[in-house]
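Structural overview
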Amino acid sequence: KHADMVKFTGYLRYDYISDRHEEPNKDGKTKVNTDRVRFRLFPSAEVNDHWSVKARLDTQFYMNKDDSSNVKLARAYADGNYGNLNIKVGKQDLYSGVDEGMFFDDAFSGAKISFGNVLKASLAAGRISNFASSAASPNEDVAGNYQGIELSGTAGKLFLGAGYHHINSNYFKTLGKDYSKNSDEDNANVWTVGANYKFDKNVKLAAAYANNTKADEFDSARSFELDYKG
(Lines give C-alpha, C1' and ligand atoms only; values in the text may rest on other atoms or scores of the structure.)
Protein backbone atom coordinates (compact mmCIF):
# COMPACT_ATOMS: atom_id res chain seq x y z
CA LYS A 1 0.00 0.00 0.00
CA HIS A 2 3.02 2.29 0.31
CA ALA A 3 4.49 1.50 -3.12
CA ASP A 4 3.60 4.96 -4.47
CA MET A 5 5.08 6.85 -1.49
CA VAL A 6 8.31 7.80 -3.29
CA LYS A 7 9.59 11.34 -3.60
CA PHE A 8 12.69 13.16 -4.83
CA THR A 9 14.18 16.33 -3.41
CA GLY A 10 17.52 17.93 -4.21
CA TYR A 11 19.54 21.00 -5.06
CA LEU A 12 22.03 22.55 -7.45
CA ARG A 13 24.86 24.39 -5.69
CA TYR A 14 27.81 26.50 -6.81
CA ASP A 15 30.95 26.67 -4.64
CA TYR A 16 33.97 28.91 -5.06
CA ILE A 17 36.73 28.07 -2.56
CA SER A 18 40.17 29.61 -2.23
CA ASP A 19 42.32 27.46 0.08
CA ARG A 20 45.60 29.16 1.05
CA HIS A 21 48.38 27.97 3.34
CA GLU A 22 51.72 29.28 4.54
CA GLU A 23 53.97 26.63 6.10
CA PRO A 24 56.27 28.15 8.77
CA ASN A 25 59.06 25.61 8.20
CA LYS A 26 58.77 25.33 4.42
CA ASP A 27 59.42 27.64 1.49
CA GLY A 28 56.65 29.55 -0.20
CA LYS A 29 52.87 29.54 0.02
CA THR A 30 50.21 27.33 -1.52
CA LYS A 31 46.91 28.37 -3.04
CA VAL A 32 44.28 26.08 -4.53
CA ASN A 33 41.11 27.53 -6.05
CA THR A 34 37.99 25.39 -6.54
CA ASP A 35 35.28 26.45 -9.00
CA ARG A 36 32.66 23.71 -8.57
CA VAL A 37 29.01 23.00 -9.34
CA ARG A 38 27.28 20.22 -7.38
CA PHE A 39 23.98 18.53 -8.14
CA ARG A 40 22.40 16.21 -5.55
CA LEU A 41 19.20 14.18 -5.57
CA PHE A 42 17.62 12.66 -2.44
CA PRO A 43 15.17 9.83 -3.22
CA SER A 44 13.03 8.57 -0.33
CA ALA A 45 10.60 5.63 -0.28
CA GLU A 46 8.14 4.90 2.52
CA VAL A 47 8.09 1.28 3.72
CA ASN A 48 5.53 1.52 6.53
CA ASP A 49 4.46 3.90 9.28
CA HIS A 50 7.88 3.71 10.98
CA TRP A 51 10.44 2.92 8.29
CA SER A 52 11.63 4.44 5.05
CA VAL A 53 14.62 3.88 2.79
CA LYS A 54 16.66 6.87 1.68
CA ALA A 55 19.58 7.57 -0.64
CA ARG A 56 21.65 10.38 -2.12
CA LEU A 57 22.85 10.65 -5.72
CA ASP A 58 25.78 12.99 -6.44
CA THR A 59 27.40 14.50 -9.47
CA GLN A 60 29.61 17.55 -9.96
CA PHE A 61 31.72 19.40 -12.48
CA TYR A 62 34.32 22.15 -12.39
CA MET A 63 33.55 25.39 -14.23
CA ASN A 64 37.18 26.26 -14.97
CA LYS A 65 37.77 22.83 -16.60
CA ASP A 66 34.41 22.46 -18.37
CA ASP A 67 34.43 18.79 -17.37
CA SER A 68 31.71 16.41 -16.20
CA SER A 69 31.33 13.36 -13.99
CA ASN A 70 29.07 10.34 -13.61
CA VAL A 71 26.25 10.17 -11.09
CA LYS A 72 27.26 8.08 -8.07
CA LEU A 73 25.38 6.61 -5.13
CA ALA A 74 26.75 8.47 -2.10
CA ARG A 75 24.24 7.37 0.58
CA ALA A 76 21.85 4.43 0.99
CA TYR A 77 20.25 3.59 4.33
CA ALA A 78 17.14 2.56 6.21
CA ASP A 79 15.59 5.19 8.50
CA GLY A 80 13.30 4.16 11.37
CA ASN A 81 11.37 6.43 13.74
CA TYR A 82 9.57 5.44 16.94
CA GLY A 83 8.64 8.59 18.82
CA ASN A 84 11.87 10.17 20.09
CA LEU A 85 13.90 7.15 18.97
CA ASN A 86 15.57 7.22 15.54
CA ILE A 87 17.52 4.34 13.97
CA LYS A 88 19.61 4.58 10.79
CA VAL A 89 21.42 1.64 9.21
CA GLY A 90 23.60 1.76 6.07
CA LYS A 91 25.81 4.29 4.27
CA GLN A 92 24.71 7.55 5.90
CA ASP A 93 25.74 11.02 7.01
CA LEU A 94 27.95 11.37 10.08
CA TYR A 95 27.76 14.88 11.53
CA SER A 96 29.26 15.86 14.89
CA GLY A 97 26.39 18.07 16.00
CA VAL A 98 27.80 19.22 19.35
CA ASP A 99 30.63 21.11 17.59
CA GLU A 100 28.72 22.28 14.49
CA GLY A 101 30.41 19.63 12.34
CA MET A 102 33.97 20.73 13.17
CA PHE A 103 35.18 17.18 13.89
CA PHE A 104 33.26 15.40 11.13
CA ASP A 105 30.74 16.26 8.43
CA ASP A 106 30.83 13.43 5.93
CA ALA A 107 29.69 9.79 5.78
CA PHE A 108 30.26 6.36 7.30
CA SER A 109 28.88 2.84 6.88
CA GLY A 110 27.19 1.45 9.96
CA ALA A 111 24.39 2.10 12.43
CA LYS A 112 23.35 5.17 14.38
CA ILE A 113 20.77 5.44 17.19
CA SER A 114 19.48 8.79 18.45
CA PHE A 115 17.02 9.34 21.28
CA GLY A 116 15.84 11.88 23.83
CA ASN A 117 13.88 15.10 23.95
CA VAL A 118 15.38 17.86 26.10
CA LEU A 119 18.53 15.83 26.75
CA LYS A 120 19.52 14.09 23.53
CA ALA A 121 21.96 11.26 22.91
CA SER A 122 23.32 9.58 19.79
CA LEU A 123 25.46 6.46 19.44
CA ALA A 124 27.13 5.35 16.22
CA ALA A 125 29.40 2.49 15.15
CA GLY A 126 30.71 1.27 11.81
CA ARG A 127 33.45 1.79 9.25
CA ILE A 128 34.80 5.19 8.26
CA SER A 129 37.34 6.27 5.63
CA ASN A 130 37.07 9.99 4.90
CA PHE A 131 39.18 11.06 7.89
CA ALA A 132 42.26 10.06 5.86
CA SER A 133 44.24 12.48 3.75
CA SER A 134 43.88 12.39 -0.02
CA ALA A 135 47.66 11.82 -0.09
CA ALA A 136 47.16 8.21 1.05
CA SER A 137 48.19 5.52 -1.41
CA PRO A 138 45.35 4.49 -3.79
CA ASN A 139 45.88 0.84 -2.79
CA GLU A 140 45.98 1.56 0.93
CA ASP A 141 43.00 0.44 3.03
CA VAL A 142 42.51 3.55 5.15
CA ALA A 143 39.03 2.67 6.42
CA GLY A 144 38.93 2.37 10.18
CA ASN A 145 36.62 1.06 12.87
CA TYR A 146 34.56 3.88 14.35
CA GLN A 147 32.53 4.27 17.55
CA GLY A 148 31.10 7.53 18.81
CA ILE A 149 28.69 9.02 21.32
CA GLU A 150 27.30 12.53 21.71
CA LEU A 151 25.20 14.08 24.49
CA SER A 152 23.53 17.47 24.16
CA GLY A 153 20.86 19.59 25.77
CA THR A 154 19.15 22.95 25.44
CA ALA A 155 18.20 25.38 28.19
CA GLY A 156 16.29 28.32 26.76
CA LYS A 157 18.54 29.94 24.16
CA LEU A 158 21.67 28.07 25.29
CA PHE A 159 22.86 24.78 23.73
CA LEU A 160 25.58 22.63 25.33
CA GLY A 161 27.05 19.36 24.10
CA ALA A 162 29.93 16.93 24.48
CA GLY A 163 31.10 13.96 22.42
CA TYR A 164 33.64 11.17 22.21
CA HIS A 165 34.85 9.62 18.93
CA HIS A 166 37.18 6.64 18.55
CA ILE A 167 38.83 5.55 15.28
CA ASN A 168 41.16 2.59 14.89
CA SER A 169 43.12 2.49 11.62
CA ASN A 170 46.59 1.59 10.43
CA TYR A 171 46.52 4.90 8.52
CA PHE A 172 47.65 6.76 11.66
CA LYS A 173 50.88 4.74 11.71
CA THR A 174 51.64 5.78 8.13
CA LEU A 175 51.70 9.42 9.25
CA GLY A 176 54.79 8.66 11.32
CA LYS A 177 56.04 11.41 13.62
CA ASP A 178 53.49 13.82 12.16
CA TYR A 179 50.98 11.94 14.33
CA SER A 180 52.82 10.20 17.20
CA LYS A 181 56.37 10.46 18.52
CA ASN A 182 57.09 6.75 18.15
CA SER A 183 55.16 6.30 14.87
CA ASP A 184 53.35 3.30 16.34
CA GLU A 185 49.90 4.68 17.25
CA ASP A 186 46.90 3.37 15.30
CA ASN A 187 44.10 4.97 17.35
CA ALA A 188 42.41 8.34 17.59
CA ASN A 189 40.47 9.22 20.76
CA VAL A 190 38.80 12.57 20.18
CA TRP A 191 36.85 14.47 22.84
CA THR A 192 34.71 17.40 21.68
CA VAL A 193 32.71 20.07 23.47
CA GLY A 194 30.53 22.76 21.97
CA ALA A 195 28.09 25.50 22.86
CA ASN A 196 25.94 28.02 21.06
CA TYR A 197 23.61 30.80 22.07
CA LYS A 198 20.69 32.04 19.96
CA PHE A 199 20.19 35.74 20.59
CA ASP A 200 17.05 35.68 18.43
CA LYS A 201 15.71 33.76 15.43
CA ASN A 202 18.36 35.29 13.15
CA VAL A 203 21.60 35.47 15.16
CA LYS A 204 23.53 32.59 16.75
CA LEU A 205 27.04 32.51 18.24
CA ALA A 206 28.80 29.13 18.51
CA ALA A 207 32.15 27.85 19.83
CA ALA A 208 33.74 24.39 19.90
CA TYR A 209 36.90 22.62 21.01
CA ALA A 210 38.29 19.16 20.19
CA ASN A 211 41.29 17.21 21.46
CA ASN A 212 42.80 13.93 20.26
CA THR A 213 44.44 12.31 23.30
CA LYS A 214 46.33 9.78 21.13
CA ALA A 215 48.05 12.33 18.89
CA ASP A 216 51.29 14.13 19.71
CA GLU A 217 51.03 16.49 16.71
CA PHE A 218 47.98 18.35 15.35
CA ASP A 219 46.06 17.17 18.41
CA SER A 220 43.54 19.96 18.96
CA ALA A 221 41.13 22.21 17.10
CA ARG A 222 39.01 25.26 17.91
CA SER A 223 36.14 26.91 16.14
CA PHE A 224 34.17 30.14 16.59
CA GLU A 225 31.16 30.83 14.39
CA LEU A 226 28.63 33.61 13.99
CA ASP A 227 25.48 32.68 12.06
CA TYR A 228 23.00 35.16 10.60
CA LYS A 229 19.75 33.65 9.28
CA GLY A 230 21.41 30.23 9.12
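From a predicted model like this one, the values you see are computed outputs, not experimental measurements.

Turning next to the confidence of the model for the protein. Considering every residue of the protein, the mean pLDDT works out to 91; 95% of them sit at 70 or more. Within the protein, strand β11 (residues 203-212) carries the highest mean pLDDT (97), whereas helix α1 (residues 171-174) carries the lowest (88).

Residue placement: Tyr 77 occurs in strand β4 (residues 72-82). For Tyr 77, a relative accessible area of 16% gives the class buried. Measuring from C-alpha to C-alpha, the distance between Tyr 77 and Ser 122 comes to 17 Å, with 45 residues separating the pair along the chain. Residues within four places of Tyr 77 in sequence aside, it is in contact with Ser 52, Val 53, Lys 54, Lys 88, Val 89, Gly 90, Lys 91 and Gln 92.

In this structure, Leu 94, Phe 108, Ile 128, Tyr 146, Ile 167, Phe 172 and Ala 188 are the most contacted members of the largest nonpolar core, which totals 16 residues. For Ile 128, the contacting residues outside a window of four places in its chain are Leu 94, Phe 104, Ala 107, Phe 108, Val 142, Ala 143, Gly 144, Tyr 146 and Ile 167.

The subject of this paragraph is the sheet that holds strand β8 (residues 144-155). Read from one edge to the other, the open sheet built from twelve strands follows the order β1-β2-β3-β4-β5-β6-β7-β8-β9-β10-β11-β12, with strand pairing classed as antiparallel. Looking along the sheet, the strands with just one partner apiece sit at the ends: β1 (6-22) and β12 (220-228). On average, adjacent strands in this sheet sit at an angle of 20° to one another, irrespective of strand direction. Note that strand β7 (residues 119-128) and β8 share ten bridges and pair antiparallel. Its bridge partner lying in β8, Ala 121 is registered against Leu 151.

As a further point, take the packing of aromatic side chains. Centre-to-centre distance and the angle between the planes together describe a pair of aromatic rings. This structure, assessed with the given rule, holds ten aromatic pairs. Between Tyr 11 and Phe 42, the aromatic rings sit 6.0 Å apart at their centres with planes inclined by 40°, giving tilted as the arrangement. You can see Tyr 11 sitting in strand β1 and its partner Phe 42 sitting in strand β2 (residues 29-46), a full 31 residues away along the chain. Consider the rings of Trp 51 and Tyr 82, whose centres lie 6.4 Å apart with planes at 70°: the pair is edge-to-face. One end of the pair, Trp 51, is in strand β3 (residues 51-62); the other, Tyr 82, is in strand β4, and 31 residues separate them in sequence. Exposure remark for Trp 51: the relative accessible area of 24% places this residue in the partly exposed category. With relative accessibility at 37%, the residue Tyr 82 sits in the partly exposed group. Sitting above the plane of the Tyr 62 ring, Lys 65 keeps its charged end 5.4 Å from the centroid.

Let us look at the pairing of strand β10 (residues 187-198). Sheet topology places strand β9 (residues 158-168) next to β10; eleven bridges connect them, and they run antiparallel. Bridge pairing in β10 places Tyr 164 opposite Trp 191. Pairing between β10 and β11: nine bridges, direction antiparallel. Across the sheet, residue Asn 196 finds its bridge partner in β11, namely Ala 206. Remark: four residues form the turn of the hairpin made by β10 and β11, two consecutive strands paired antiparallel.

Turning next to the environment of Asn 145. Inspection of the secondary structure assignment puts Asn 145 in strand β8. Along the primary structure Asn 145 and Phe 108 are separated by 37 residues, whereas in three dimensions their C-alpha atoms are 10.0 Å apart. Asn 145 has contacts with Gly 126, Arg 127, His 166, Ile 167 and Asn 168, leaving out every residue within four places of it along the chain. Within the local environment of Asn 145, its side chain forms a polar contact with the side chain of Arg 127, the two groups lying 3.1 Å apart.

This part covers the side chain of Lys 112. Note that Lys 112 resides in strand β6 (residues 105-116). Buried and unpaired, Lys 112 has Glu 150 as its nearest opposite-charge partner, separated by 6.0 Å. Residue contacts for Lys 112: discarding those within four places in its chain leaves Asn 86, Ile 87, Lys 88, Gln 92, Tyr 95, Ser 122, Leu 123 and Ala 124.

This brings us to the environment of Leu 41. Looking at the secondary structure, you find Leu 41 in strand β2. Spatially, the C-alpha atoms of Leu 41 and Ala 155 are 36 Å apart, while their sequence positions differ by 114 residues. The contact partners of Leu 41, leaving out residues within four places of it in the chain, are Thr 9, Gly 10, Ala 55, Arg 56 and Leu 57.

Here is what the cut-offs are and how they apply
- Residues numbered from 1 in each chain as written.
- Predicted model: local features only at pLDDT ≥ 70, side-chain atom pairs only at ≥ 80, totals over all residues.
- Heavy atoms only, no water.
- pLDDT = per-residue confidence, 0-100.
- Helix = DSSP H or I, 4+ residues; strand = E, 2+ residues; numbered from the N terminus.
- Buried < 20%, exposed > 50% of the residue type's maximum accessible area, 1.4 Å probe, protein only.
- Contact = heavy atoms within 4.5 Å.
- Core = buried A, V, L, I, M, F, W, Y, C linked by side-chain atoms within 4.5 Å.
- Pairing = 2+ DSSP bridges.
- Axes fitted to C-alpha atoms, helices over the stretch in contact; angles between N-to-C directions.
- Phe/Tyr/Trp six-rings, centres within 6.5 Å; stacked < 30°, edge-to-face > 60°.
- Lys NZ or Arg CZ within 6 Å of the ring centre and 35° of its normal.
- Polar contact = N/O pair within 3.5 Å; in protein donor to acceptor, adjacent residues only side chain to side chain.
- Lys, Arg positive; Asp, Glu negative; His and termini not counted.
- Salt bridge = Lys/Arg side-chain N within 4 Å of Asp/Glu carboxyl O.

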